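Observations on the three-dimensional arrangement
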Amino acid sequence: MASQHVETQTKPPASVDADAVSAAYQNALRVIGAVEPTVAGAIRSELADQRASLKLIASENYASPAVLLTMGTWLSDKYAEGTIGHRFYAGCQNIDTVEQAAADHAKALFSSPHAYVQPHSGIDANLVAFWAILTHRIEAPALADLGARNVDELSADDWETLRQRLGNQRALGMSLDAGGHLTHGFRPNISGKMFHQASYGTDRDTGLLDYADVRARAHEFRPLILIAGYSAYPRKINFAIMREIADEVGATLLVDMAHFAGLVAGKVFIGDFDPVPFAHVTTTTTHKSLRGPRGGVVLCQPEYAEAVDRGCPLVLGGPLGHVIAAKAVALAEARQPSFQRYARQITDNAVALADGLLSRGARLVTGGTDNHLVLLDVGTFGLTGRQAESALLDSGIVTNRNSIPRDPNGPWYTSGIRLGTPALTTRGFGPGDLDRVAELIVGVLSATSPAAAPSGGASKAKYVIADGVASKTHAAAEELLARHPLYPGLDLG
Ligand code: DSN
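Residues numbered from 1 in each chain as written. Predicted model: local features only at pLDDT ≥ 70, side-chain atom pairs only at ≥ 80, totals over all residues. Heavy atoms only, no water.

A complete count under the given rule lists 14 salt bridges for this structure. A salt bridge links aspartate 377 to arginine 363; the nearest nitrogen and oxygen atoms lie 2.8 Å apart. Taken together, the positions of aspartate 377 in strand 12 (residues 373-377) and arginine 363 in strand 11 (residues 363-364) put the pair 14 residues apart, joining distant regions of the chain. Arginine 363 sits in the partly exposed class, given a relative accessible area of 39%. Taking the shortest distance from any N to any O, the salt bridge between arginine 401 and glutamate 389 comes out at 2.8 Å. Residue arginine 401 is found in strand 14 (residues 400-402), and its partner glutamate 389 is found in helix 15 (residues 385-394); the two are separated by 12 residues along the sequence. In this structure, arginine 401 and glutamate 389 share a single accessibility class: buried. (Salt bridge = Lys/Arg side-chain N within 4 Å of Asp/Glu carboxyl O. Helix = DSSP H or I, 4+ residues; strand = E, 2+ residues; numbered from the N terminus. Buried < 20%, exposed > 50% of the residue type's maximum accessible area, 1.4 Å probe, protein only.)

Let's shift gears to helix 4 (residues 93-110). For helix 4, with 18 residues, the first-to-last C-alpha span of 26 Å sits near the 26 Å given by 1.5 Å per residue. Of all 18 residues in helix 4, 13 are buried; the element is thus mostly enclosed. A positive phi of about 50 degrees marks serine 111, the residue just after helix 4. (Expected span 1.5 Å × (residues − 1).)

Here we come to the side chain of aspartate 274. Its location among the elements puts aspartate 274 in the loop between helix 10 (261-265) and strand 9 (281-285). Buried and unpaired, aspartate 274 has lysine 267 as its nearest opposite-charge partner, separated by 6.0 Å. A distance of 3.0 Å separates the side chain of aspartate 274 from the backbone nitrogen of valine 276, its partner in a polar contact. (Lys, Arg positive; Asp, Glu negative; His and termini not counted. Polar contact = N/O pair within 3.5 Å; in protein donor to acceptor, adjacent residues only side chain to side chain.)

Contact pair helix 14 (residues 337-359) / helix 18 (residues 431-446): the axes reach a minimum separation of 8 Å and the direction vectors enclose 35 degrees. Here the hand of the crossing between helix 14 and helix 18 comes out right-handed. On helix 18, the residues that touch Gln345, Asn349, Ala352, Leu353, Gly356 and Leu357 of helix 14 are Pro431, Leu434, Asp435, Val437, Ala438, Ile441 and Val442. Within the contact of helix 14 with helix 18, the residues separate by chemical class into nine nonpolar, three polar and one charged. (Axes fitted to C-alpha atoms, helices over the stretch in contact; angles between N-to-C directions. Left-handed = near helix turned anticlockwise from the far one by under 90°. Contact = heavy atoms within 4.5 Å. Nonpolar A, V, L, I, M, F, W, Y, C, P; charged D, E, K, R; others polar.)

To continue, consider the side chain of threonine 183. Positionally, threonine 183 belongs in the loop between strand 5 (169-174) and helix 7 (191-194). Taking relative accessible area as the criterion, threonine 183 reaches 1% and is therefore assigned buried. Of the polar contacts made by the side chain of threonine 183, one reaches the side chain of asparagine 126; its length is 2.8 Å. With near-sequence residues (within four places) excluded, threonine 183 lies in contact with Ile123, Asn126, Phe130, Asn189, Ser191 and Asp256.

With that settled, consider the packing of aromatic side chains. Under the definition given, this model contains seven aromatic pairs. Among the aromatic residues, those joined into a cluster by ring pairs are Tyr230, Tyr233, Phe239, Phe260 and Phe269. A cation sits over an aromatic face here: arginine 170 above phenylalanine 221, 6.0 Å from the ring centre. The ring of phenylalanine 273 carries lysine 236 above its face, with NZ or CZ at 4.4 Å from the centroid. (Phe/Tyr/Trp six-rings, centres within 6.5 Å; stacked < 30°, edge-to-face > 60°. Lys NZ or Arg CZ within 6 Å of the ring centre and 35° of its normal.)

Around the ligand, the surrounding shell consists of Ser59, His181, Ser231, His259, Lys288 and Arg418. Note that an oxygen atom of the ligand is positioned 2.7 Å from one of the side-chain N or O atoms of serine 59. Within the contact set of the ligand, an oxygen atom lies 2.8 Å away from a side-chain nitrogen or oxygen of arginine 418. Protein coverage of the free-state accessible area of the ligand, which is 230 Å², stands at 62%. Tallied by class, the residues present in the shell around the ligand amount to no nonpolar, four polar and two charged. (Near = heavy atom within 4 Å. Areas by Shrake-Rupley, 256 points an atom, 1.4 Å probe, with all protein chains shown as cover.)

Function-wise, these values are silent; they only describe arrangement.
Right under this line is the structure:
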């Protein structure tokens, strides 16, 4: 829906006043603790835990105090269904202001013609995108066939006809074991029930996306939607080629850039590797490499805008005004030149981590990285992903297990560990630190072996770490973390 432009502020953040932030949190915890001490205690513990571990979960980050503080406000208390200037409740002027600011920042940051900032998560953003594409591709022509000008004119029989046309649509996306995401048409997610899905994988030898194979599958399968994007593929994607393929088969190109939005915002992924100019619709989350609050955004070409803006109430509950406001703050931060340095550092650090692992004999899917993540095959250490994840956690290193292509251990135990650098980069880690992290990871995995299973043979879950290795690694991790404190100067009292 067209909306009035408001002037957004892009001033550099004032030098963070740690005393002001400390006072804000000390007072907030006093207020919370007076009502429910358990929650105040958990908030304190979470900061202590995050400060004390090497966080390598590729989808996590540390939002700024400004982003976090924005969420603890009365913007949360307002219902604001509808769009800017067109709400189903009275008194939404301040929500209009923050939503307009977030949308304007998103459009400017990503050079996108349209931005819809209401989705509560990545799944929600993809659901909005799916319905917008179905609406645009199917509903409009169907309405014309049915002699209706808009959906309000449809009879019950017309709706039935429309539902049949909307059913069993085809989507082609990256397979899960190649790094694709559940919301790209897989059964455990509603997208797998909405769409007849087929997948493209990666090359058996190189592990890289094989565009000729994507093209062949697209021509054979004729998807309505070609989906590009991933949550565990360690390389960049050429979106110019993906758009060419989509055009050849008449598909809509949907790019889910949730993982690498920070690299697009920070101008690391430019030209053919920036999805926004090529995709009809681009979705993202705001809390991963983009370093904002937990939430989603949909960007799209103008012809999809009206359908995208129907996200609430079509599939979304009431917009979260406090989170939308925090998105505006985070997007303003991402428009600063310092964010481009941050994004470049994320990839430099990922390369240093990959090189550090490779030089110590580890095997990486695709042999390296050109984004924010590294996928380590722990089969070469004789471990499952589950054992490796647990042994690393015991040693103060937080990761998550992940399938690798054609994984012999399936999606529960897995054979991989996914490692990402956005969070440690926010703490100020550099390439030398990431090399040290690689040394610690290889040290722990080399000292870990599967325990015997009660039924005989090796367990896929239980493991044994050689004496003293976990505690020594913990101490080494603490030394690294102390050099790069999280929220320096923030004292909860
Ligand atoms: N859960 C996110 C991740 O870890 O990649 C994706 O939704």
